[in-house]
Amino acid sequence: MRVTPFFCAAIIGAMMPTVALADDPNDAAMRNAAARAHDREMTRQLNREEGARVRQRDARSTPRWRVAGDDEHLARSRDHERAMADYARNRARYERDMLRWRRAVAACRAGDYFACDN
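The structure presented is a predicted model; accordingly, all values stated were derived computationally and were not measured. (Residues numbered from 1 in each chain as written. Predicted model: local features only at pLDDT ≥ 70, side-chain atom pairs only at ≥ 80, totals over all residues. Heavy atoms only, no water.)

Caption draft 1: Representation of the confidence of the model for the chain within the structure. Chain-level statistics for the chain give a pLDDT mean of 83 and a share of 79% at 70 or above. Taken element by element, the chain is modelled with least confidence in helix α1 (residues 5–15), mean pLDDT 71, and with most confidence in helix α3 (residues 70–109), mean pLDDT 94. (pLDDT = per-residue confidence, 0-100. Helix = DSSP H or I, 4+ residues; strand = E, 2+ residues; numbered from the N terminus.)

Here is the structure:
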C-alpha cells in the first residue's frame, strides 16, 4: 500500500491542536475600552453561570456517604478481628492436615501399606 504525502498531511493536520483566539486584537469593535470591559463582564458572567451549573450537576451525582458511628466502627473492627482469628485457626488446621497427608503418602510410597488407607 502506497501512502501519499497528501494523506500524511491530512492525518497530521487532523491531529494538531487548534488554537482558539478569544480576543482578536485587530477587531475594530474591541478597540474601545468600554467594549472590552463589557466583553470581560459578559465572559465573567458566562463563567459564573457555567460554574454554578457544574456545581449543581456534581452535587446531584455525588454519592451520599453515611458516616459510621463509633459503636458501629468498633463492632465492625471486632468482627474483622474475629474473622482473621478464624482464618488463622483454619489455616493452621489445614497445614497440619496437609503435613499428615504428605507423610502418609510418603510412607505409602515407601512400602508401608497401612499408611495408604489414610
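Caption draft 2: Broad picture of the pattern of salt bridges. One pass over the full model with this rule turns up 9 salt bridges. Notably, a salt bridge pairs D58 with R57, separated by 3.0 Å at the nearest N-O pair. Note on D58: relative accessible area 33%, which makes it partly exposed. In this structure, the salt-bridge partner of D79 is R82, at a minimum N-O distance of 3.0 Å. Pair noted here: D79 and R82 are both in helix α3, with a separation of 3 residues, about one helical turn. Among the residues examined, D79 registers a relative accessible area of 42% and is labelled partly exposed. When salt bridges with common partners are traced through the structure, they connect E41, R44 and R48 into a single cluster. (Salt bridge = Lys/Arg side-chain N within 4 Å of Asp/Glu carboxyl O. Buried < 20%, exposed > 50% of the residue type's maximum accessible area, 1.4 Å probe, protein only.)

Caption draft 3: How the structure looks around the state of the cysteines. This structure, assessed with the given rule, holds 1 disulfide. With a sulfur-sulfur separation of 1.7 Å, C108 is cross-linked through a disulfide to C116. Looking down the S-S bond of the C108 and C116 bridge, the torsion is 95°, so its handedness is right-handed. According to the relative accessible area criterion, C116 is partly exposed, its value standing at 33%. (Disulfide = S-S within 2.5 Å.)

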